[in-house]
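# Commentary on secondary and tertiary structure
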Amino acid sequence: MALDAEAVMKELRSTYTSGKTRTFEWRVSQLKALIKITTHHEKDIVEALRSDLNKPEYEAFVHEIVGISSECKFVLKELRKWMKPEKVKTTMTTFPSSAEIVSEPLGVVLVISTWNYPFYLSLNPVIGAIAAGNAVVLKPSEVAPATSSLLSKLLSQYMDTSAVKVFEGGVPETTILLDRKWDKIFYTGSGKVGRVILAAAAKHLTPVVLELGGKSPAVVDSNINLKVAVRRIISGKWGSNSGQTCVSPDYIITTKAFSSQLVDALKDELEKFYGKDPMQSNDFSSIINSHHFDRLTKLLDDEKVSGKVVFGGQRDKTNLKIAPTAILDAPDDSLIMNEEIFGPLLPILTVDKIEDSIGRINSKEKPLAAYLFTNDKKLEEEFIKNVSAGGMAINDTVLHLAVNSLPFGGVGESGYGAYHGKFSFDAFSHKKAVLHRTFAGDIDARYPPYNPRKLQVIKALLSGNILSIIRALFGW
Amino acid sequence: MDRLEEGLRKTFRCGKTKEVGWRKAQLRGVLKFVEENESKIFEALKQDLGKHPVEAYRDEIGVVKKSAENCLNNIEKWMNPKKGKLPLLLFPSKGEVLPEPLGTVLIFGSWNFPISLALDPLIGALSAGNTVVVKPSELAPACSSLLYSTIPLYLDAEAIKIVEGGSDVAEQLLERRWDKIFFTGSPRVGRIIMSAAAKHLTPVTLELGGKCPVILDSFSGSDFKVAVNRIAGGKWGPCAGQACIGIDYVLVQQKSASILVELLKNCIKRYYGDNVKNLQSICRIVNKQHFERVCNLLEDPGVAASIVYGGSFDRENLMIEPTILLDPPLDAQIMTEEIFGPLLPIITLDKIEESIDFINEKPKPLAIYAFTKNDKLKKQILQETSSGSVTFNDAIIQFICDALPFGGVGQSGFGRYHGKFSFDTFSHEKAVLHRSFFLELEPRYPPWNDFKLEFIRLAYSFNYIGLLLHLLGLRTPNRSR
């Protein structure tokens, strides 16, 4: 079916102009419909994710399905409050007056999603768009076709299709969509495509949120509960879609003295999680497709790195599986240290003093997340102060995503804009400033012809100082 | 250019701009600059735009002073982390949002308020702890030159650079990589800026313009006179109509049109005089190119025929008389483009409510001004139109209300500043989650099984009682489908 973008836009704009999507009732009905999708079709969703990513049922449930239903429930609870205008304080300068900030939808928005959490990362921004009262088009990733197709089917079944649409397809369809004028574009994916999206958005002055990625480092200090730390690292790396997660710990930095303990602990806990042969474990995802499989094996086969594997390295091309693998001290100019890995390979870099890790991290682009495992308060403070990243977690990985009172977004190469919780509502809203004035107390000093006395009054008004205002008004 | 950017990045890396002491010193430096150079600033603005000192103080010096003082009073509060509420499930843990500077930022000033539109964003960038390049507009050369020569005497020259020049210099700057670009100007140039920024994934704030309308309801008495005073002041007061939030045109009911025109004529004569060769207290047009552009708007015969006051100009001094037009053709350029000059079209309607559809047919403007006592109309305007801001019963003054965000939507731009919004616009809000090693949640980890799955179901619905029962083995799983 050819994508008639013009007809689509016309319909969506007409729906939006009718005012339907702005009502509280409409927004609630759509959010409730999304919850219904997650409860009535859990099996279908798990099935699609197994088909696309060989994702274990637990990950499908915990990382994707529950994320959507709990976010919808949270928004339903808070939405009325968020929709209210926010009163703000005015000063003597504009007395008498009252002011407020009114949240209004932007209009018709486009959400372009990605393949690694194809259900969650498609619907989470859509929740924000709907909560803020917009009409929305979702373009799921064609790299996860079963989920894309399921989203298209379920959303057209449960949602108000005059305002919420799904368009499937790849680069050609996305290009057609990007040619239109949107009131906002929300993109999750790579920096390379992010640049293409921005260039298209620039033609229409469309504001954009870019949720990209980067090499998220995890610094591991020595004086810690190593077992717990390692379990949390494994959970964030191999327990999150086999490392194909924008906030997975990409690489580790630890001291030379501690590295062998760390490697041993990783091996022990990995065996507890996935058994002696992780390639056989059902609890461990596959690589999404052969293109990425080849990309990852190339990183491993790089001659600068191949001799430094300390565990793992096995691969199964038929089943697109790569074992949890660690590499010790990959050189800075190796491929694996110069692109986001997005897979189950974990470089471990060693430094003399743990404080040196900060400089190593800052020599690279700002990542989406940075992690530190330590009990040393001073190191923690230095790390937080001097490392710039989208978000951080101390003594854990990935979990900061689940806290919807914290904004989730990047900085620098990892993107800009943020969402989750109220930040999603804000991301898809225009915050309109409203000032209410009366006709009382009109000051003639505002108007020409100007003279020194009027200048005094203006100076006093701008200072906001009531005494000088009174003095100036009385000509003292 | 290379050295410029590298130098600023080096300064940023050394960490001094992050210290609150440094930021406050810079803010005090900006204050001192405007205080100690007031007469030089008045002189430069007179040269570039014919701006009267009272207007110059009100719109430029006073604005900068107020911003800098507001920042100084609040910066510690703004720099503090904000606590985030965490679910019990994650106990013990702590969450916060920490503002941090973006790094090295680029600010493009504009020519109509060449001092405040360069320094106000600069205040925001400095309060957030960044190093900064400011490129003032070359169309206001005296101000650009004053900033270039004098700012380094007041601010840390290793961290703040003023770069003069035209579009060629702007192009060179745009090739570099910045951590943020702040642009005030036209949508046309805004597109160029955003396209250049796309290559480096640089976030951008665009403060653009649009046709800012006035909706003038019909009501009687002295309040109507006050309304017209404010409309006149809001049209010709800021830079002779060359202002992004300046009033562009007025929508009024047919029955009130003639009284409006009469009152406006009186205002013009009172405020500015009626001889184009000797107008007082009003700016001139910035240059020949814009002068011709504005005059050309009157070339259309239908437009010329609708002039009810003014229409004359003094080419030598680049002065255009405050001009009122009554119902010019709606498809003429004067009604389809942002005027940015002292021409005021008045469009008459049968019912004032029609103004809403009229406005909605045009791109979203930076500001809408509505003079009315009718609460129902106010509500309708708020809900059925979209603009950067809405001001009831006044004009322009929303600009000095620091508690309100100042920015556009749609074609009038995106992003915002003023007050704390300036600090935020130049900051990255970093989320930080603090966890301890204590209290591990076993069901987080593989190998997975039904017990762990049920645990997570209960956990995500924050069903703590159910969770407790489940852990104690006292609960049968309830898998709802």
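Cut-offs used in this document
Residues numbered from 1 in each chain as written. Chains lettered and ligands numbered in written order. Predicted model: local features only at pLDDT ≥ 70, side-chain atom pairs only at ≥ 80, totals over all residues. Heavy atoms only, no water. UniProt positions renumbered as here; feature names shortened; annotations may be inferred. Core = buried A, V, L, I, M, F, W, Y, C linked by side-chain atoms within 4.5 Å. Buried < 20%, exposed > 50% of the residue type's maximum accessible area, 1.4 Å probe, protein only. Helix = DSSP H or I, 4+ residues; strand = E, 2+ residues; numbered from the N terminus. Domains from an automatic or database assignment. Contact = heavy atoms within 4.5 Å. Pairing = 2+ DSSP bridges. Axes fitted to C-alpha atoms, helices over the stretch in contact; angles between N-to-C directions. Salt bridge = Lys/Arg side-chain N within 4 Å of Asp/Glu carboxyl O.

The name given to chain B in an unreviewed UniProt entry is Aldehyde dehydrogenase, with the source organism recorded as Penstemon davidsonii. Quoted verbatim from the Sequence similarities (unreviewed entry) field of UniProt, the annotation for chain B is "Belongs to the aldehyde dehydrogenase family."

The name an unreviewed UniProt entry gives chain A is Aldehyde dehydrogenase, with Penstemon davidsonii as the organism. In its Sequence similarities (unreviewed entry) section, the UniProt record describing chain A reads: "Belongs to the aldehyde dehydrogenase family."

L155, I185, W238, V247, L262 and L266 of chain A together with I181 of chain B are the most contacted members of the largest nonpolar core, which totals 155 residues. Among the elements that make up this core, the one with the highest residue count is helix α4 (residues 57-83) of chain A (eleven residues). The residues that make up this core include at least three from each of domain 1 (5-212 + 419-431) and domain 2 (217-409) of chain A. If sequence neighbours within four positions are ignored, L266 of chain A has contacts with V230, I234, W238, F311, L346 and I348 of chain A. With 115 residues, the next largest nonpolar core counts V30, L147, I247 and C283 of chain B among its residues.

Another aspect to go through is the UniProt feature "active site" (unreviewed entry) in chain A. All names here are of chain A. Here the UniProt feature "active site" (unreviewed entry) sits at E211. With respect to the helices, strands and loops of the structure, E211 is situated in strand β7 (residues 208-211). Setting aside residues up to four positions removed in sequence, E211 forms contacts with F186, Y187, T188, G189, F408, G409, S414, G417, A418 and Y419.

The UniProt entry lists residues 20-432 of chain B under the feature "domain: Aldehyde dehydrogenase" (unreviewed entry), expressed in the numbering used here. The span residues 20-432 of chain B shows a helical share of 41% and a strand share of 19%, and its end C-alpha atoms are spaced 21 Å apart.

Residue and element names in this part refer to chain B. Strand order in the open sheet formed by six strands is β5-β4-β3-β6-β7-β17, with mixed pairing between adjacent strands. Only two strands of the sheet have a single neighbouring strand rather than two, namely β5 (160-162) and β17 (413-414). Pairing analysis gives three bridges linking strand β4 (residues 131-135) to β5, with the strands arranged parallel. Paired with V133 across the bridge in β5 is K161. On top of the sheet, helix α8 (residues 187-198) reaches β3 (104-108), β6 (180-184), β7 (204-207) and β17; it is set at about 175 degrees to β6, its chief contact.

We now examine the pattern of salt bridges. Scanning all chains against the criterion turns up 56 salt bridges over all chains. A salt bridge links K276 of chain A to E271 of chain A; the shortest N-O distance between them is 2.9 Å. Assessed through its relative accessible area of 74%, K276 of chain A is described here as exposed. Taking the relative accessible area as the measure of exposure, E271 of chain A reaches 39% and is therefore partly exposed. Residue K385 of chain A is joined to E19 of chain B by a salt bridge in which the shortest nitrogen-to-oxygen separation is 3.6 Å. Pair noted here: K385 of chain A is in helix α13 (residues 377-386) and E19 of chain B is in the loop between α1 (2-13) and α2 (20-36), and the two residues belong to different chains. Residue class for E19 of chain B comes out partly exposed when judged on its relative accessible area of 39%. Linked through salt bridges whose partners overlap, the residues forming this network are R437, D442 and R446 of chain A together with R230 and D394 of chain B.

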